[in-house]
Amino acid sequence: MCGITGYLGYRSAIQISIANLKRLEYRGYDSAGLAYMYNGKLQVLKAEGRIANLEQLTQQPPQEVGMAIAHTRWATHGPPCTANSHPHADCSGDIAVVHNGIIENYALLQTRLTEAGHTFQSETDTETIAHLIEEAMSLMPDADFAEQVRTALKHIEGSYAIAVLCKKYPDTIFVARQDSPLIIGHGEQETLIASDIPAVMQYTRRVTVLQDGDCAIITPQSVVITNHAGEIQNRTAMYVDWDDQSAEKGGFEHFMLKEIHEGPRTMRDTLRGRMSEAGTISLPDLPLTNAQWASYRNVTIIGCGTAYHAGFAARRMLEQLLQRQVDVQVASEFRYSSPILNQESLVILISQSGETADTLAAMRLAKQKGAATLGVVNVVGSSLAREADMRLITQAGPEIGVASTKAYLAQVAALQLLGLHMAASAHAPTAMLQQQMSSALPMLPALLERCLTLEPQVKELAAHLAHCSCFFFLGRGYDYATALEAALKLKEISYIHAEAYPAGEMKHGPLALVEPGVATVGLCTQKNLRDKMISNLKEVKARGGTVLVLQRETDVQPDCADYLLTLPDAPDFLMPIIAMLPLQLLAYHVALQRGCAIDQPRNLAKSVTVE
Ligand code: M6R
């Protein structure tokens, strides 16, 4: 997963493909690669690390190469290394594929293809595509290239944006898209492909955005877009008038906003391939036996900042599923404590970057004490992913904004999957809850889409609240975890003092701070705690505070609310994910109103690699 570029035209395809890859560099990557035809042979070059390393391999690129595809990889299957970087080739080395997305059934395909005599060179899911095309070409030698590739794609379950070169068709690039972006740029006597518009803007602003199910054959003479049945699809090219900066952000003003809008897609990727239609969870990366899962008598979750809050949000659900006590700790405290851990302990470490110094130190301490460690981590090749005994990748894709948004949603969902997996494996006596959760989780992407439609309303709320000097975020149960993360989001990007409290605690001190000009966001999404919440909010209202209530669309408006935001209805345990997205939007729009540097908040770094 990360960036795709390609070129077919009269200029140096190698130079342009690499230059355009650099325009996608902001998305983060761990290796880069390139394929092109030269002297009748398919050439594949790959390098770990920066694009500059790949460029060095092409010190004097043959100028006459007019067609190439290139890729920056952000590891999802298999660690970052040269062998795993794209393009991937078939056994003959005549077919090269670059791919963004996730092939869910790659393990099954790999086994079948290996049994049929194919040899795999990498640990990636992508390589299966090259071998499937090879297979289709040998099974249907008389079909044309497009039909052969489309036949290969029929075997694939999952998401993909791909570009394919084949020695037998030296002037053709095949591309296809399913749930992963891909665009075609139309220049004068040249065609460009990319996973994102900014990559081609230097050469053309006329762009066709492929839709799911689209395939295209690109030759010097034409671009033909079809569906999987080979029927022509008429797509209208659009004119892109973005400036370079907003192009990088997909037309959004900030990375943070772009990443909030990626919430639904993130959720699809996190759940993808891990839940069957019948609700069975499959986490092949966690190779423990049922007896091993059952042997963990105590579970501790550790993280920093947003990652810690994700652990907090999942804690109750894990406790209910496993019928065990689950402890949640801040990594910087845990690492200097004397934790009571042993071989019956499971320590779950959560981190987007996988490089947070305190989280890594906590993991090492847990290991020393004999606990099993499991990293819930977004960056595949990171220290946490490498050093933990087991890893569950959150699949949120690169996150660039310092304020963590989509990664949080993915962390909570991944922990819910993990909880279900552990409960089923350990035969926890919670079958009904497991059943209820498994049928609810797949609804999350659609529910988050609905949350995004609240943005105009959130923007208006932000205009009313941006002048407030202080914010309280109050909640009970799951809502308290959401309150913690919402307060962090607001304070880190808007610089407004924001505190989260379990609502019942207000009377024990903080209520003294409430006065006009103080905003209170009351989270009322938990059915059995709603009445208690409303009583607490009335106490705030009675002291002159401004109250914003977040509740389900099925609830009636309480009279203590100055403002109301209604959320899609869903089971309680999904509300920490559903309520968080509008609160991320709220933090964003308040910060925007206040003219703050949203993507680079003062004093903060994306990854805290020092203590
Ligand atoms: O990379 P990590 O998830 O380990 O980072 C932990 C925190 O530094 C991070 O979540 C931080 O709190 C967020 N950037 C806040 O939005």
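Cut-offs and rules
Every chain is numbered on its own, with residues counted from 1 as its sequence reads. Thresholds applied to this predicted model are a pLDDT of at least 70 for local features of residues and 80 or more for the giving and counting of side-chain atom pairs; totals over whole chains, interfaces and linings are not thresholded and use all residues. Derived side-chain values reflect all non-hydrogen atoms in the structure, with water molecules and hydrogen atoms excluded from consideration. Throughout, near means a residue has at least one heavy atom within 4 Å of the molecule or strand. Here a polar contact means two N or O atoms within 3.5 Å. Within protein one must be a hydrogen donor candidate and the other an acceptor candidate, and residues neighboring in sequence count only if both atoms are side-chain atoms. Here the open area of atoms and residues is found with the Shrake-Rupley method and a 1.4 Å probe, where only the protein chains shown may cover a residue. Secondary structure follows DSSP: runs of H or I at least 4 residues long count as helices, runs of E at least 2 residues long count as strands, and numbering of each begins at the N terminus. Ten residue types, Ala, Val, Leu, Ile, Met, Phe, Trp, Tyr, Cys and Pro, are classed as nonpolar, four, Asp, Glu, Lys and Arg, as charged, and the remainder, Gly among them, as polar. Whether a residue is buried, partly exposed or exposed follows from its accessible area with a 1.4 Å probe, protein chains only, as a fraction of its type maximum: under 20%, in between, or over 50%, in that order. Strands are labelled as partners when DSSP assigns at least two bridges between them. Any two residues having at least one pair of non-hydrogen atoms within 4.5 Å are treated as being in contact. Axes here mean lines fitted to C-alpha atoms, for a helix over just the part in contact, with angles spanning 0 to 180 degrees between N-to-C directions.

(A) Spatial organisation of the site of the ligand. Taken together, 15 residues lie near the ligand, and Ser351, Gln352, Ser353, Thr356 and Glu492 sit nearest. Contacts to the ligand include glutamine 352, whose backbone N or O atom sits 2.6 Å from an oxygen atom. The fraction of the free accessible surface of the ligand (410 Å²) that becomes covered by protein chains is 92%. The set of elements that each furnish at least two residues to the shell around the ligand consists of helix H10 (305-322) and helix H18 (478-494). Residues belonging to the shell around the ligand are distributed by class as follows: six nonpolar, seven polar and two charged.

(B) Layout of unusual backbone geometry. That bond from histidine 86 to proline 87 is cis: its omega, 0°, falls within 30 degrees of zero. Structurally, proline 87 is set in the loop between strand S4 (67-73) and strand S5 (88-89). We note that histidine 427 has phi near 50°; this positive angle belongs to a residue other than glycine. The topology assignment puts histidine 427 in the loop between helix H14 (406-425) and helix H15 (431-440). You can call histidine 427 exposed: its relative accessible area is 62%.

(C) Looking closely at the sheet that holds strand S13 (residues 223-226). Reading across from one edge, S5-S6-S7-S8-S12-S13 is the order of the six strands in this open sheet, with antiparallel pairing throughout. Looking along the sheet, the strands with just one partner apiece sit at the ends: S5 and S13. Pairing of strand S6 (residues 95-100) with strand S7 (residues 160-166), which is carried by six bridges, proceeds in the antiparallel orientation. Note that in S7 the partner of histidine 99 across the bridge is isoleucine 162. Here helix H4 (residues 127-139) sits on the sheet and contacts S5, S6 and S7; the angle it forms with S6, its principal contact strand, is near 140°.

(D) A look at the sheet that holds strand S20 (residues 470-475). If you trace the five strands from one edge of the open sheet to the other, you get S21-S20-S22-S23-S24, paired in parallel fashion. Bordering the open sheet on either side are strand S21 (497-502) and strand S24 (563-567), each of which pairs with just one other strand. Taken pair by pair, the neighbouring strands of this sheet meet at an average axis angle of 20°, ignoring direction. Note that S20 and strand S22 (residues 518-524) share five bridges and pair parallel. Across the sheet, residue leucine 474 finds its bridge partner in S22, namely glycine 522. Its contacts with the sheet place helix H17 (residues 455-465) against S20, S22, strand S23 (546-552) and S24, and it is angled at close to 155° to S24. Set on the sheet, helix H20 (residues 575-593) makes contact with S20, S22, S23 and S24; between it and S24 the angle comes to about 135°.

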